[in-house]
Amino acid sequence: ADNGDSGDASDSGDSDLITVGYAQVGAESDWRTANTESFKSTFTKENGYELIFDDAQQKQENQIKAIRSFIQQGVDYIVVAPVVETGWETVLEEAKAEGIPVILSDRQMDVSDESLYECWVGGNFIKEGEDGGHWLEDYLKEKGMDGEEINMVTLQGTIGASAQVGRTEGFANVLAENDNWNMLELQTGEFTQAKGQEVMESFLKKYDDIDVVIAENDNMAFGAIDAIKAAGKTCGPDGDITIISFDAVKAAFDAMIAGDLNCAVECNPLHGPRVAEIIQKLEAGEEVDKIQYVDEELFDTSMDLEEIVKTRAY
Ligand code: GZL
């Protein structure tokens, strides 16, 4: 894993800076890039911080190594975006033993003792999945297809990641209410464009009657769009295949404006300022809420996307 900043926090010289070790998932998607940028632009020396950044290349063992390194360096706070929900108890116990508070951002950890972390800030993944499902219900009704058999496939995110778990569960809640919807198959595309394209290619070979693709992030949707076009099919509002994606990064707006993507369910990546606010509260000895959801919307091609995208921060 590449450690963004070299040098040991304790010899940073600026002892009045708050040192923050940030164990980031990786650089797998546009969302992740925006999320990392949000932290790097918030946790600056001018703002009173020393940020030690680690990119784990989507591997849990690298994140655990990074957390151990932060503990060794005696950072003031550890922030983690856990790649998957399980397997964190031991290293969190080690941080607790050294009295270093841990804050979770983006994805959640499934731990028995919730005192092992101060709080979590991120998207409401189950609601995102349900919002995507309800959007599809309305869309099919508008097209007069609400009584027809609808065949769909899902490109899942990294299996075991909160965003995958929640979006799959949320969409499944709506699927259960529509017995004319057939979920042909779900398979992980690891939240990357390349893998998303590969899995979509295999779906297109296997099924010749796919009506809807649910892509659990925008980058897998972009891969699916390429695979669909390469197979001589069309997608988007005027195409054979309807695509719903999650994140709503700028490139997703471009895809909707180009007519390739139907709907993007937002997952706000700008967690830097929220985490800084939490640290300031903890510094002041204040209580912080355990679960803190960020604001999120849903965008589709019926909206004035050229206008909306001008005000988008990511
Ligand atoms: C969501 C985040 C997910 C994004 C993907 O909070 O965990 O990980 O949806 C990213 O783009 O890879």
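What you see is a predicted model; the values in this text were computed from it and never measured.

A. Broad picture of the UniProt feature "domain: Periplasmic binding protein" (unreviewed entry) in the chain. The positions that UniProt labels "domain: Periplasmic binding protein" (unreviewed entry) are, in the present scheme, residues 27-265. As annotated, residues 27-265 has a helix share of 43% and a strand share of 20%, and its two end C-alpha atoms lie 20 Å apart.

B. Just the site of the ligand, in detail. Taken together, 13 residues lie around the ligand, and Glu28, Asp106, Arg107, Arg167 and Asp247 are the ones closest in. At 3.0 Å from an oxygen atom of the ligand is found a side-chain nitrogen or oxygen belonging to Arg32. Asn217 places a polar side-chain atom, nitrogen or oxygen, 3.0 Å from an oxygen atom of the ligand. Protein contact buries 100% of the 320 Å² of open area that the ligand shows by itself. For the shell around the ligand, the secondary-structure elements that each account for two or more residues are helix H1 (30-42) and helix H5 (162-175). Along the lines of polarity and charge, the residues of the shell around the ligand split into 5 nonpolar, 2 polar and 6 charged.

C. Focus on the nonpolar core. Formed by 85 residues in total, the largest nonpolar core has its most connected members in Ile78, Met200 and Val213. Met200 has contacts with Val153, Leu155, Ile210, Val213, Ala224, Ala227 and Ile228, leaving out every residue within four places of it along the chain. Grouped together as the second largest cluster of nonpolar side chains are 15 residues, Ile150, Met152, Phe246 and Val265 included.

D. Focus on the pattern of salt bridges. Taken as a whole and judged by the stated rule, the model has 16 salt bridges. One salt bridge connects Glu28 with Arg107, and the closest N-O pair in it is separated by 3.8 Å. Linking Glu28 in the loop between strand S2 (18-24) and H1 with Arg107 in the loop between strand S5 (102-105) and strand S6 (119-122), this pair joins segments that are 79 residues apart in sequence. Exposure remark for Arg107: the relative accessible area of 2% places this residue in the buried category. A salt bridge links Glu266 to Arg312; the shortest N-O distance between them is 2.9 Å. Of this pair, Glu266 sits in strand S11 (residues 263-266) while Arg312 sits in the segment after helix H10 (305-310), and the two are 46 residues apart along the sequence. We note that Glu266, like Arg312, is buried.

E. Structural detail: the pairing of strand S8 (residues 181-188). Here strand S7 (residues 150-156) runs beside S8; their pairing, made up of 7 bridges, is parallel. Directly across from Met152, in S8, lies its bridge partner Met183. With H5 bridging S7 and the parallel S8, this β-α-β connection has right-handed handedness.

F. Spotlight on the packing of aromatic side chains. This model, assessed by the stated rule, comprises 10 aromatic pairs. Look at Phe39 and Phe43: their rings are 5.8 Å apart centre to centre, the planes differ by 15°, and that puts the pair in the stacked class. Like Phe43, Phe39 is buried. Each ring, one from Phe171 and one from Trp181, has its centre 5.8 Å from the other, and the planes form 20°; the classification is stacked. Remark: Trp181 occurs in strand S8 and Phe171 occurs in helix H5; sequence separation between them is 10 residues.

About the thresholds
Residues numbered from 1 in each chain as written. Predicted model: local features only at pLDDT ≥ 70, side-chain atom pairs only at ≥ 80, totals over all residues. Heavy atoms only, no water. UniProt positions renumbered as here; feature names shortened; annotations may be inferred. Helix = DSSP H or I, 4+ residues; strand = E, 2+ residues; numbered from the N terminus. Near = heavy atom within 4 Å. Polar contact = N/O pair within 3.5 Å; in protein donor to acceptor, adjacent residues only side chain to side chain. Areas by Shrake-Rupley, 256 points an atom, 1.4 Å probe, with all protein chains shown as cover. Nonpolar A, V, L, I, M, F, W, Y, C, P; charged D, E, K, R; others polar. Core = buried A, V, L, I, M, F, W, Y, C linked by side-chain atoms within 4.5 Å. Buried < 20%, exposed > 50% of the residue type's maximum accessible area, 1.4 Å probe, protein only. Contact = heavy atoms within 4.5 Å. Salt bridge = Lys/Arg side-chain N within 4 Å of Asp/Glu carboxyl O. Pairing = 2+ DSSP bridges. Right-handed = clockwise from strand over helix to strand, strands pointing away. Phe/Tyr/Trp six-rings, centres within 6.5 Å; stacked < 30°, edge-to-face > 60°.

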